[in-house]
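Okay, here's what each chain looks like letter by letter:
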Amino acid sequence: MRLFFTLLCLVSLGFAQAQKDYLNESVQQKSERMEWWRDATFGMFIHWGPYAVPAGEYKGKDVNGVAEWIMHTGNIPINEYETYVKQFNPTQFNAKEWVRIAKDAGMKYIVITSKHHDGFSLWDSKVTNYDIIDDAPFKRDILKELSDACNEAGMQMCFYHSIMDWHQPDAESKKEYTHQNTVAPDFARYRETYLKPQLKELVEKYDPAVLWFDGEWIPEWTEEQGRDLYNYLRNLKPNLIINNRVGKGRAGMQGMNLYKNAAGDFGTPEQEILEGTSDTDWESCMTMNDSWGFKKTDHNWKSSELLIHNLIDIAAKGGNYLLNVGPNAQGLIPVASVERLREMGEWMKINQDAIYATNSTKKYKEGDVKYTVSKDGNFVYAIVTKPVVGELVLHNVDLKRGSKIYMLGVNDPLKFKADSNGSLHIEWPKELPCKYAWTLKITGSPKF
Ligand code: FHN
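Everything quoted here is computed from the prediction, not taken from an experiment. (Residues numbered from 1 in each chain as written. Predicted model: local features only at pLDDT ≥ 70, side-chain atom pairs only at ≥ 80, totals over all residues. Heavy atoms only, no water.)

Draft legend 1. Local environment of the overall build of the chain. When you go through the chain residue by residue, the secondary structure sums to 10 helices and 19 strands. Taking 22 Å as the expected radius of gyration for a compact globule of 448 residues, we find that the chain reaches 24 Å, a close match to that expectation. Overall, the chain is about 80 × 65 × 35 Å in size when its C-alpha atoms are taken along their principal axes. Looking at the chain alone, contacts between residues at least 24 apart form 70% of all its contacts between residues at least 6 apart. Accessible surface for the chain amounts to roughly 19,600 Å². Of this, 52% is attributable to carbon and sulfur atoms. (Helix = DSSP H or I, 4+ residues; strand = E, 2+ residues; numbered from the N terminus. Rg over C-alpha atoms; globule rule 2.2 N^0.38 Å. Contact = heavy atoms within 4.5 Å. Areas by Shrake-Rupley, 256 points an atom, 1.4 Å probe, with all protein chains shown as cover.)

Draft legend 2. Region of interest: the packing of aromatic side chains. All chains considered together, the criterion is met by 22 aromatic pairs. Geometrically, the ring pair formed by W428 and W438 is edge-to-face, given 6.2 Å between the ring centres and 90 degrees between the ring planes. Taken together, the residues W428 in the loop between β18 (424-427) and β19 (438-446) and W438 in strand β19 connect sequence positions 10 residues apart. A residue is classified by how much of its surface remains accessible, and W438, at 6% relative accessible area, is buried. Three or more aromatic residues joined by ring pairs form one cluster here, namely W48, F88, F93, W98, F120, Y130 and F138. Lying across the ring of F448, K363 places its NZ or CZ 4.6 Å from the centre. (Phe/Tyr/Trp six-rings, centres within 6.5 Å; stacked < 30°, edge-to-face > 60°. Buried < 20%, exposed > 50% of the residue type's maximum accessible area, 1.4 Å probe, protein only. Lys NZ or Arg CZ within 6 Å of the ring centre and 35° of its normal.)

Draft legend 3. Quick look at the domain arrangement of the chain. Once the domains are mapped, the chain shows domain 1 (23-356) and domain 2 (361-446). A straight line from the C-alpha centre of domain 1 to that of domain 2 covers 37 Å. On the domain 2 side, the residues contacting the 21 residues of domain 1 number 18 residues. Between domain 1 and domain 2 the total buried area reaches about 1,600 Å² when both faces are included, carbon and sulfur atoms providing 61% of it. Interface area lost by domain 1 to domain 2 is led by A316, I350 and A354, which between them contribute 30%. Remark: the boundary between domain 1 and domain 2 carries four salt bridges. Across the salt bridge formed by D313 and K370, the nearest N and O atoms sit 3.1 Å from each other. (Domains from an automatic or database assignment. Buried area = accessible area lost by both parts, 1.4 Å probe. Salt bridge = Lys/Arg side-chain N within 4 Å of Asp/Glu carboxyl O.)

Draft legend 4. Geometry of the site of the ligand. Taken together, 14 residues lie around the ligand, and H47, E68, W69, H117 and D214 are the ones closest in. The separation between an oxygen atom of the ligand and a polar side-chain atom of H47 is 2.7 Å. Measuring from a nitrogen atom of the ligand, one finds a side-chain N or O atom of D214 at 2.6 Å. Expressed as a share of its isolated accessible area of 330 Å², the protein-covered part of the ligand is 93%. Here the residues of the shell around the ligand are counted per class, giving seven nonpolar, three polar and four charged. (Near = heavy atom within 4 Å. Polar contact = N/O pair within 3.5 Å; in protein donor to acceptor, adjacent residues only side chain to side chain. Nonpolar A, V, L, I, M, F, W, Y, C, P; charged D, E, K, R; others polar.)

Draft legend 5. Local environment of the sheet that holds strand β14 (residues 391-394). Spatially, three strands are ordered β14-β18-β17 in an open sheet, and the strand pairing comes out antiparallel. One side of each edge strand has no neighbouring strand; the edge strands of this open sheet are β14 and β17 (416-418). Across this sheet, the average inter-strand angle for adjacent strands is 15 degrees, counted without regard to direction. Bridging between β14 and β18 involves four bridges; their strand directions are antiparallel. Considered in β18, the bridge of V393 is made with H425. (Pairing = 2+ DSSP bridges. Axes fitted to C-alpha atoms, helices over the stretch in contact; angles between N-to-C directions.)

Draft legend 6. Fine view of the environment of V380. Take V380: it is sitting in strand β13 (residues 379-384). Separated by 17 residues in sequence, V380 and V397 have C-alpha atoms that sit 7.5 Å apart. Those residues in contact with V380 that lie beyond four places of it in its chain are Y371, T372, V397, L440, K441, I442, G444, S445 and P446.

Draft legend 7. Here's a closer look at helix α2 (residues 27-40). Helix length check: α2 (14 residues) gives 19 Å between terminal C-alpha atoms against 20 Å at 1.5 Å per residue, within 8%. M34 marks the point of greatest bend in α2, at about 55 degrees. Turning to α2, its buried residues number three or more, namely R33, M34, W37 and A40. T41, located one to two residues past α2, shows a positive phi value of around 65 degrees. (Expected span 1.5 Å × (residues − 1). Bend = angle between axes of the 7 residues up to and from the residue.)

Draft legend 8. Looking closely at empty space enclosed by the protein. Applying the stated criterion across every chain yields a total of two cavities of 30 Å³ or more. Contributing to the lining of the largest cavity are M288, N289, S291, W292, G293, F294, W301, N324, V325, G326, P334 and S337. Looking at the lining of the largest cavity residue by residue, the class counts come to six nonpolar, six polar and no charged. Space inside the second largest cavity adds up to approximately 30 Å³. (1 Å grid on protein atoms, 1.4 Å probe; cavity = no way out; pocket = protein on both sides within 12 Å on 5 of 7 lines; lining within 4 Å. Points joined across faces, edges and corners; volume = space filled by probe spheres on them.)

Draft legend 9. Structural detail: the layout of surface pockets. In this model, the largest pocket occupies a volume close to 1,100 Å³. Secondary structure elements with two or more residues in the lining of the largest pocket: α2, α8 (223-236) and β10 (358-359). Sorting elements by how many residues they give to the lining of the largest pocket places α2 first, with eight residues. Across the lining of the largest pocket, the residue classes break down as 12 nonpolar, 16 polar and 13 charged.

Draft legend 10. Broad picture of the sheet that holds strand β9 (residues 320-325). The seven strands are arranged β7-β6-β5-β4-β1-β9-β8 in an open sheet whose pairing can be described as parallel. Every other strand in the sheet has two partners, leaving β7 (241-242) and β8 (283-286) as the edge strands with one partner each. Examined bridge by bridge, strand β4 (residues 109-115) and strand β5 (residues 156-162) share six bridges and lie parallel to one another. Looking at β5, one finds that V111 is bridged to C158. Strand contacts of helix α7 (residues 187-206): β4, β5 and β6 (210-214), with the helix running at about 170 degrees to β5, the strand carrying the most contacts.

Below, the structure written as structure tokens:
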């Protein structure tokens, strides 16, 4: 008997020791864990699943809103939505090609929907058959192929995962999304026997760098459950990064924390960019057209110039840019997206030093110029977003005496004069190395 209790104590002690509290880690510890993410600045968001089959159309009519919500906005019963699952066979899917497109665009990480609100799993899950191997004709593990391609290319693999689940009977009481009149569900059972086991699978099988939660707004979910889930996942993988939608702390689409110790590592502005800089890490997620999931009638594409200017604005404010693509039911990223990403990559090849691994500065904007600062503090990057005629005057930079000013992509230094106030009068070059925006590399420091 004594031996039994001794063993029981040892086991429970061991378990207790394993459950470390990561909610109160030091600033230094968080900085070390977040460093690659902060340096990366630019990532690809991928919304993909059976909703790519209807692609925004139901019973011959265009369904209003984003395509990945069609089950709800189209009022589609579960058994009818499952017919799209039976048709989801993206035979042209090529993970290496998707990763190449992202890498060539200058993106450093990919966040793909492992499970969106419709509850369908894009990997071979042992927790359910409602997944790409068991219930769809495709029978290939999409997340494994994409993870392997990311690892091969040095790209960070990350997963979006919805807490809300329109397919699991226990997952929501109001049934406003699944139109099911079933008995009162057991949300705790869904959380403990479905949600958490699936997340454990994802962490242990694919080793994601980030878990990007969503669908946390349902009444069944609480900040307390979010804090528990955050710790649970960090105990599975201590250097995992998790967004602030793991709890209830985000302020709607503005995305930043409503209160100081909200669970999660970064804020998540959606379809918008913060007004200014923030002491909290943040990442703006945005679509290239209007829909996250592929929508055949959505041709409202943002220009490459606007996408590049968004990236510059976000980097100057110290954030990350998570730019979305919605692949179609054949497994192809829309041509309009690929074309814009190619142009962004051309720009990044010349100007990336002003975007990656930079810090923001208090006065990050001066007219049509956005500023970033190199991590070592030696250089100021002045990114000019409008063409200049004649000379450009910069007031916000302390130039290191005797140093030169270069435009990234141009070999020879630019001609300039510093006036008695230290303002720099820079002669604009005739030949420009790229379109849409141009970076001046200045040895010195920001005045503000
Ligand atoms: O409902 C989702 C939506 O489908 C999409 O996934 C966006 C992107 O993060 N998040 C939610 C809307 O806020």
